[in-house]
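# Residue-level structure breakdown
The lines below spell out each chain.
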Amino acid sequence: SSGINAEWPLRPGEEGHQVDDDGRKRAESNYSVGTALIKRGDLSSAIEYLEVFYQLSHGTDWQRVNGEFLRDQACLQLYKSYTALAEELYETNTASAISYLKKAVQMANEGGDKSEAGMASHRLGNIYEAIGDPEVAMMYHKGYLDRCKRSKNAIGEGRAYEAIARCHRTQGDLTNSAESYEKFVEIAAETADSQTYAEACSSLAHLYNFIGEYDKAVEFYEKAAEKFASYDDQQRVDILNINSAIASSHSKLINYSKAIMSGQPKITASLVEWKDFREVLFMSPESDAERPKSPGVPPSVTYSDSPLPVAEISEKTVTEGDKEEGVDVEELVVEGLEENSGQ
C-alpha cells in the first residue's frame, strides 16, 4: 500500500474525481504525488500517478516557468522510474524488468532524450545477454552504437563495441568478435581513458589467446599489464603476466606440437634426436662451453590443425605465497609445458 491520504489526488475514473477547467491542475497534482512516492521508495505506486500525469499532459503545450514542457517532464520521470523499477526486478522477475526497460526506451524517445534512449537500449541488450539470447541482445547493442555514433559519444561507442564483441563470441563468430574488440581498444586509446583502455586490451588479449593468435595475445596482455601497473593494481598485473607467459609458451610450442602430431618418420627421428640431446644437456655436469652442440629444434611443419588448448589464469590462481616467494612465473609455465610435452 502506498499510504496515500484521502485528500490527495484521485486517479481519473475513480469515484469523486473532479475535473478542472483544462486538466492541468489535475496533471500537476498527480506529478506531485508521484514524485513524493518516489522519495518514499514506492516505485510501483509512483508510476501509476506519473502515468496519469503523462496521459493528461500528452499532446498539450503546457509549460513550466522555465519553459520546460510538462509532457517532456512526464516522459523523463517515467523513463527514470521504469529504469529504476527494472533494476529492482531484474533478479526476481526478468520478464517484467525487460517490459519496463522497453517502456523506458519509448519514454526517452518520446521525450527527445536520445542519449537516455540509447542507455536504455544498452541495458536491454545486457539483460538479453544475461538470459542467453545474444541475437536479440546484439540488436539492442547495435541500436545503442548507432545512437552513440550520431551523437558523437565516443565513450558510449566503445561500450557498445565491447558488448557487440561479447555477443559475437557467444555466437561463435570469433572473427567479428575480434574486430569489435579491436574497435573498442582503438576508441579507448583515442579517448585517453586509461582504465577502459586497460580493460579493452585485456579482453582482446583473452580472445586472441582463445583463437590461437598467441603473439597478438602477448602484445595486448603486455599493454594491459602496463596500464594496470600505473594504477598499482598488482594482482591484475600478475594475472596478465601469467596469461602472457602461457600465450608465449603456446606460441613457441606450436611447431613442436604439430611435428609430434604429424607422425612422419623423418620428423619423428628429428624429434627423438632433439629429445636425446636435451636429456644429455640437463644430465651433463660439463660447463656450457663443453656441452655438445644442439641439433636444433625440430623442423617447422605447416598444418591447418587447431591451436593448442588455451589456459587462462583467474584471480584465484595467483596466491600470496607465489608473490612472497618471488616465483618466476614465466619460467615455471615454460618448464611445466615442456615437462608435459615430454611425457
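## Quick word on the packing of helix H5 (residues 114–130) against helix H6 (residues 134–150)
Packing of H5 against H6 brings their axes to within 8 Å, and their N-to-C directions diverge by 160 degrees. Judged by the angle between their axes, H5 and H6 are roughly antiparallel. Crossing handedness for the pair H5 and H6: left-handed. For the pair H5 and H6, contact is made by Lys-114, Ala-117, Gly-118, Met-119, Ser-121, His-122, Leu-124, Gly-125, Asn-126, Tyr-128 and Glu-129 and by Pro-134, Val-136, Ala-137, Tyr-140, His-141, Gly-143, Tyr-144 and Arg-147, respectively. By residue class, the composition of the contact of H5 with H6 is nine nonpolar, seven polar and three charged.

## Quick look at the pattern of salt bridges
Per the counting criterion, the structure on display carries six salt bridges. Of the charged contacts, one joins Lys-223 and Glu-219 as a salt bridge, the two residues approaching to 3.2 Å between their closest N and O atoms. One end of the pair, Lys-223, and the other, Glu-219, are both in helix H10 (residues 214–230), four residues apart, so they sit about a helical turn from each other.

## Here's the deal with H10
Taking 1.5 Å as the rise per residue, H10 with 17 residues should run 24 Å; its terminal C-alpha atoms sit 25 Å apart, in good agreement. Every buried residue belonging to H10 is among Tyr-214, Ala-217, Val-218, Phe-220, Tyr-221, Ala-224, Ala-225 and Phe-228, and all of these are buried. Just downstream of H10 lies Asp-232, where phi reads positive at about 60 degrees.

## Details of unusual backbone geometry
Backbone geometry places Lys-152, a non-glycine residue, at a positive phi of 55 degrees. With respect to the secondary-structure elements, Lys-152 resides in the loop between H6 and helix H7 (154–170).

## Considering the environment of Cys-75
For Cys-75, the position within the fold is in helix H3 (residues 70–89). Sequence-wise, Cys-75 and Asp-113 are 38 residues apart; in three dimensions their C-alpha atoms are separated by 9.3 Å. Dropping the residues within four chain positions of it, Cys-75 is found in contact with Tyr-54, Met-107, Glu-110 and Gly-111.

## Quick notes on the packing of helix H2 (residues 43–57) against H3
At their nearest, the axes of H2 and H3 sit 9 Å apart, and the two run at 155 degrees to each other. One finds that H2 runs roughly antiparallel with respect to H3. Seen along the crossing, H2 lies across H3 with a hand that is left-handed. Here Leu-43, Ser-44, Ile-47, Leu-50, Glu-51, Phe-53, Tyr-54 and Ser-57 of H2 lie close against H3, whose contacting residues are Leu-70, Arg-71, Gln-73, Ala-74, Cys-75, Gln-77, Leu-78, Ser-81, Tyr-82, Ala-84, Leu-85 and Glu-88. Class assignment of the residues belonging to the contact of H2 with H3 gives a composition of 12 nonpolar, five polar and three charged.

## Digging into the side chain of His-122
As for its placement among the helices and strands, His-122 is situated in helix H5. Judged by its relative accessible area of 6%, His-122 falls in the buried class. Ignoring anything within four residues of it in the chain, the contact list for His-122 reads His-141, Tyr-144, Arg-159 and Ala-163.

## Focus: the packing of aromatic side chains
One pair of aromatic rings is described through two measures. These are the centre distance and the angle between the planes. In the structure shown here, the tally under the stated rule is four aromatic pairs. A centroid spacing of 6.0 Å and a plane angle of 35 degrees characterise the contact between Tyr-208 and Phe-220, whose relative ring orientation is tilted. Here Tyr-208 is found in helix H9 (residues 194–211), whereas its partner Phe-220 is found in helix H10, with 12 residues between them in sequence. Summarising the burial analysis for this pair, Tyr-208 and Phe-220 share the class buried. The lysine or arginine in question, Arg-169, covers the ring of Phe-210, its NZ or CZ lying 4.7 Å from the ring centre.

The rules behind each value
Residues numbered from 1 in each chain as written. Predicted model: local features only at pLDDT ≥ 70, side-chain atom pairs only at ≥ 80, totals over all residues. Heavy atoms only, no water. Axes fitted to C-alpha atoms, helices over the stretch in contact; angles between N-to-C directions. Helix = DSSP H or I, 4+ residues; strand = E, 2+ residues; numbered from the N terminus. Parallel < 35°, antiparallel > 145°, perpendicular 65-115°, else oblique. Left-handed = near helix turned anticlockwise from the far one by under 90°. Contact = heavy atoms within 4.5 Å. Nonpolar A, V, L, I, M, F, W, Y, C, P; charged D, E, K, R; others polar. Salt bridge = Lys/Arg side-chain N within 4 Å of Asp/Glu carboxyl O. Expected span 1.5 Å × (residues − 1). Buried < 20%, exposed > 50% of the residue type's maximum accessible area, 1.4 Å probe, protein only. Phe/Tyr/Trp six-rings, centres within 6.5 Å; stacked < 30°, edge-to-face > 60°. Lys NZ or Arg CZ within 6 Å of the ring centre and 35° of its normal.

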